[in-house]
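In case you want the letters, here they are:
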Amino acid sequence: MTFDSVLKLVAIALALYALLPQSKRLEFKLRLSWYHVLSMLAIGVVVHILLFYSSLVSCEVVPQFPSDQFKMKPQEVAYLVVISSSLLFWVWFHFSPIPRRKVKDLSLLIQQLLAESRYGEAALLLDENLHRIHRISLLDFRMDRLRSRLVRDVRFPPLEKPEIVRLLEAGGNDDSLESVVRSRKGLSRLIRVPLHRLEQFVGQLLPSHELSKRAAEDVSRVTLLNQELLDYISKSKPYFLLKVLETDPIEKERFVNGVMARLLRSPRSVLSFELEQSQDISTEHRYAIRESNRLVYYFFSDVTRTEKLGVWKPVGDEMLRHLKRPGRGGAADDEYNHALGDFSDMGRWESPLFVGIRFFDIMVSEAIYQKVEWHMWLMYFQFVLKGICQNYAPHPDSKDSYWETPTKYSYLIYEILDVLQQWILCVRHVPKDQKNMSISSDRLDHENSSIVKTSIMVLGEGLMTIFETQSIPKDFFAKRVQGVCHTYFELVRSGRISPFGELLLKSIMRGGYQHNSPSEGYQAELIKAFIDNDNEPQRHQDVEVGLAFLVNEFVSGFGEVCLKNRLRCECTPKSITLISESRGRRYSVTR
C-alpha cells in the first residue's frame with residue numbers, strides 16, 4: 001500500500017460520506033466523541049509510520065522491521081491496519097449511542113430539520129434514537145440510579161405509638177418513658193444521620209445529568225407534537241407509532257391521538273387497509289386478529305392496551321369532525337347525500353366514518369370476548385348517528401338507488417344499527433355470569449361495566465333520533481325497527497337471555513334512556529313496525545308478549561283514544577286486538 005493508495009481511500013471515504021443523507025451525516029457528528037477522534041489520529045499515525053518506514057529507519061527514528069519473521073512488508077501491514085481498523089471503527093461507531101451530553105444538540109437539530117421542512121430526515125433521526133432518548137428522559141442508567149438513591153431525602157420517624165403503649169403497659173412512669181423515648185431517638189439519629197449525610201456527600205460527587213434529562217423531555221414535548229411531522233409520520237411511517245407506544249414518552253397520549261386522527265382521515269391509510277384485512281369472522285361476531293396486521297394486532301390482541309390509551313377518543317372525535325367539515329349537510333355538496341353507487345363495495349374504505357365504525361366494531365367485539373368490564377365508549381355511535389341525521393338531505397340522484405339504503409348516509413346508519421345489534425346478540429355465546437354482558441337492573445341508566453346494556457340504550461336512542469329526522473323517510477325508519485325486532489325475537493327464544501329482550505323493548509320504546517320522553521307518533525310507529533315484522537313470521541306468542549309491553553306502555557302514556565287514532569285495533573274492557581294492515585295478522589293483548 002502506497003501513499004497514493006491512502007489518498008484514494010480517503011477520497012472514496014469522503015465521497016461516500018457526501019452521498020449519505022443529511023440526517024445520517026448530522027447523526028455522525030452527534031455520535032462522534034473525543035475517543036473516536038483520538039482513535040482515528042492514532043491509526044493515522046501508525047499508517048504513516050508504516051508507509052514511510054524505510055525513511056524513518058534510515059533516520060534511526062524507528063527500529064528495523066523484522067520482515068524475515070513476519071514475511072510481510074510494512075506497506076502490506078499498513079493495508080491490513082487500514083482495513084481492520086475501518087471495520088472495527090464502523091462497528092464501534094455504529095453501536096455506540098449518542099452521548100447524553102449531546103441530547104440537547106439532537107433536539108435542536110431535529111427542530112432545525114422541522115423548520116426546514118425536512119420531515120423525512122427528522123423522522124429517521126427520531127426513529128433510530130427514540131429508545132435512547134426515552135432512557136435519558138428517565139435517567140435509566142446505573143450511575144444515575146445510584147446517585148438518586150444516595151441523595152434522596154430520608155425522614156426519621158419518631159417512636160411509633162404502639163411501642164409507647166407497650167412501655168406504659170409495662171408500668172413505666174412519665175419521666176422514665178420520656179427518657180426512653182429520648183434515648184432511642186438519640187441513638188437512632190446518632191447512627192443513621194451521619195450515615196445518611198455521608199451517602200448524600202458521595203452522591204453529590206457523582207455526575208448529574210438533569211440537563212440531558214430536560215433536553216430529552218423537550219424532544220417528546222416539542223418534536224413529537226409538531227403538526228407537520230405528525231402528517232408525515234401518519235402517511236410515510238405509520239408503524240413508528242408502535243415504537244412510541246413501546247417507549248412510553250411523556251407526550252405519548254397526545255402523539256397517539258394526533259397520529260390516529262390522521263390515519264382515520266387519510267383515504268386508504270394503513271389503518272384502513274389493516275381493518276379491511278381483518279374482516280374474517282373467527283367465531284360469533286369475533287374477528288380474526290392476525291399478527292401481520294401490526295396496528296390492529298397491537299390494539300386488539302390485548303384490548304386492555306386500547307382501554308388504557310383511550311384510542312376510541314381520537315377515532316370518535318375525528319368521525320364527529322368529519323361530519324362537521326365544510327360542505328356537509330347539503331344535498332349538492334355532501335357526497336354522502338348522493339346515491340350509494342359502489343360505496344358499499346369499495347368506496348366505504350376511503351370514508352373515515354365507515355373505517356371508524358369498523359374500528360369500534362372490532363374493538364368492542366374483542367372487549368366482549370376478552371371480558372373487559374368497560375363500555376369502551378361505544379356511546380360515540382349515538383353522537384355520530386345524530387351528526388349523520390343532521391346532515392341527511394338526499395340528493396335527487398338517489399331516488400333511483402336501492403330503496404333500502406339509497407344514499408351513503410343511509411348505508412352508514414344501517415351499519416351502525418347492525419353493529420349495535422350484533423354486540424347485543426353476543427350475549428347468546430358468552431357465559432351467563434360474564435360481567436360485561438350482564439345487567440344488574442332493568443332501569444335504563446348507565447352500568448359502565450356492561451357492554452350489552454350500553455349497546456341496548458344507544459340502539460334505542462338511535463332509533464328515536466332517526467324518527468325525529470324529518471328528511472329520513474318513514475319507510476326507512478320502519479325497516480330499521482323491524483331489524484331490531486328480529487334481534488328481540490332472537491333474544492326471547494332463549495329463556496336464559498329473555499331479560500335482555502325485555503330491556504331492548506323498553507329501550508326502543510323510551511328512546512334509549514330513562515329520562516327521554518318519546519313522542520306519541522314515535523311509539524305508534526314502533527308498534528306498527530313490530531306488528532308488520534319481516535317476511536319470516538315469528539312465533540305468535542312471542543309477538544303478543546312483546547306487544548303487551550308496547551301497547552300498555554303507549555296507553556299508560558297517551559291513552560286508548562290515541563291508540564285507536566294511530567293504529568288499527570279493536571278494544572274491549574279486557575283486551576286489545578291489533579291488526580296488521582299489510583299482512584292481515586291479528587294479535588290480542590290482555591289489558
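All values derive from a computational prediction rather than experimental measurement.

Pulling in residues and values, what's your account of the packing of aromatic side chains?
According to the stated counting rule, one finds 22 aromatic pairs in the structure shown. Summarising the aromatic geometry, the rings of phenylalanine 359 and phenylalanine 360 are spaced 6.5 Å apart at their centres and angled 75° between planes, so their arrangement reads as edge-to-face. Taking the relative accessible area as the measure of exposure, phenylalanine 360 reaches 0% and is therefore buried. The ring of tyrosine 298 carries the charged tip of arginine 305 above its face, separated from the ring centre by 4.6 Å. The ring of phenylalanine 476 has arginine 480 lying over it, and the distance from NZ or CZ to the ring centre is 4.8 Å.

Could you give me a rundown of unusual backbone geometry, with the residues and numbers involved?
Even without a glycine there, the phi angle at arginine 268 is positive, about 55°. Assignment of secondary structure puts arginine 268 in the loop between helix 15 (252–265) and helix 16 (270–276). Relative accessible area serves as the criterion here: at 37%, arginine 268 is assigned to the partly exposed category. With a phi angle near 60°, methionine 376 is a residue other than glycine that sits in the positive phi range. Along the polypeptide, methionine 376 turns up in the loop between helix 20 (352–369) and helix 21 (380–391).

Account for the packing of helix 23 (residues 451–468) against helix 25 (residues 498–510), naming residues and giving values.
Between two packed helices, both the angle of their axes relative to each other and the distance between the axes serve to describe the pair. At a minimum axis separation of 8 Å, helix 23 and helix 25 run at an interaxial angle of 30°. Compared by their axis directions, helix 23 and helix 25 come out roughly parallel. At the point where helix 23 passes helix 25, the crossing takes the right-handed sense. Side by side, helix 23 and helix 25 meet where Val452, Lys453, Ile456, Met457, Leu459, Gly460 and Leu463 of the first sit next to Phe500, Leu503, Leu504, Ser507 and Ile508 of the second. For the contact of helix 23 with helix 25, a count of residues per class yields nine nonpolar, two polar and one charged.

A description of the packing of helix 22 (residues 408–425) against helix 23 should follow, citing residues and the corresponding values.
One way to put it is that helix 22 packs onto helix 23 with a least axis distance of 9 Å and a crossing angle of 150°. Taken together, the axis directions place helix 22 and helix 23 in an arrangement best described as roughly antiparallel. In this structure, the crossing between helix 22 and helix 23 has a hand that is left-handed. Contacts from Ile413, Leu417, Leu420, Gln421, Trp423 and Ile424 of helix 22 reach helix 23 at Val452, Ser455, Ile456, Val458, Leu459, Leu463 and Ile466. Broken down by class, the residue content of the contact of helix 22 with helix 23 amounts to 11 nonpolar, two polar and no charged.

Provide a residue-level description of the confidence of the model for the chain, including the pertinent values.
The share of residues in the chain with pLDDT of 70 or more is 83%, and the mean pLDDT across the chain is 82. Within the model, pLDDT remains below 50 along residues 183–187, and this stretch shows two contacts once partners closer than five positions in the same chain are excluded.

Which residues make up the environment of histidine 375, and what values do they have?
Note on placement: histidine 375 falls in the loop between helix 20 and helix 21. Residues histidine 375 and lysine 453, spaced 78 residues apart in sequence, show a C-alpha to C-alpha distance of 9.0 Å. When near neighbours in sequence (up to four residues on either side) are disregarded, histidine 375 contacts Asn448, Ile451 and Thr454.

Now, about a nonpolar patch on the surface: what can you tell me, with residues and values included?
Side chains of Leu195, Leu198, Phe201, Val202 and Leu205 sit close together on the surface and give an oily, nonpolar patch of about 500 Å² of accessible area. Following the sequence through the fold, leucine 195 ends up in helix 11 (residues 174–205).

Before we move on, can you summarise the pattern of salt bridges with the specific residues and values?
A full pass over the atoms with the stated rule returns 31 salt bridges. Of the charged contacts, one joins glutamate 116 and arginine 118 as a salt bridge, the two residues approaching to 2.2 Å between their closest N and O atoms. What makes glutamate 116 partly exposed here is its relative accessible area of 38%. Assessed through its relative accessible area of 24%, arginine 118 is described here as partly exposed. Where arginine 566 meets glutamate 520, a salt bridge forms, and the shortest distance between an N and an O atom there is 3.1 Å. In this pair, arginine 566 is assigned in helix 28 (residues 560–566) and glutamate 520 in helix 26 (residues 520–531), connecting sequence segments 46 residues apart. Arginine 566 sits in the partly exposed class, given a relative accessible area of 39%. Residues participating in the shared-partner salt-bridge network are Arg265, Glu318, Arg321 and Arg325.

The rules behind each value
Residues numbered from 1 in each chain as written. Predicted model: local features only at pLDDT ≥ 70, side-chain atom pairs only at ≥ 80, totals over all residues. Heavy atoms only, no water. Phe/Tyr/Trp six-rings, centres within 6.5 Å; stacked < 30°, edge-to-face > 60°. Buried < 20%, exposed > 50% of the residue type's maximum accessible area, 1.4 Å probe, protein only. Lys NZ or Arg CZ within 6 Å of the ring centre and 35° of its normal. Helix = DSSP H or I, 4+ residues; strand = E, 2+ residues; numbered from the N terminus. Axes fitted to C-alpha atoms, helices over the stretch in contact; angles between N-to-C directions. Parallel < 35°, antiparallel > 145°, perpendicular 65-115°, else oblique. Left-handed = near helix turned anticlockwise from the far one by under 90°. Contact = heavy atoms within 4.5 Å. Nonpolar A, V, L, I, M, F, W, Y, C, P; charged D, E, K, R; others polar. pLDDT = per-residue confidence, 0-100. Patch = residues over 30% accessible without salt bridge, like charges linked within 9 Å, V, L, I, M, F, W, Y side chains within 5 Å. Areas by Shrake-Rupley, 256 points an atom, 1.4 Å probe, with all protein chains shown as cover. Salt bridge = Lys/Arg side-chain N within 4 Å of Asp/Glu carboxyl O.

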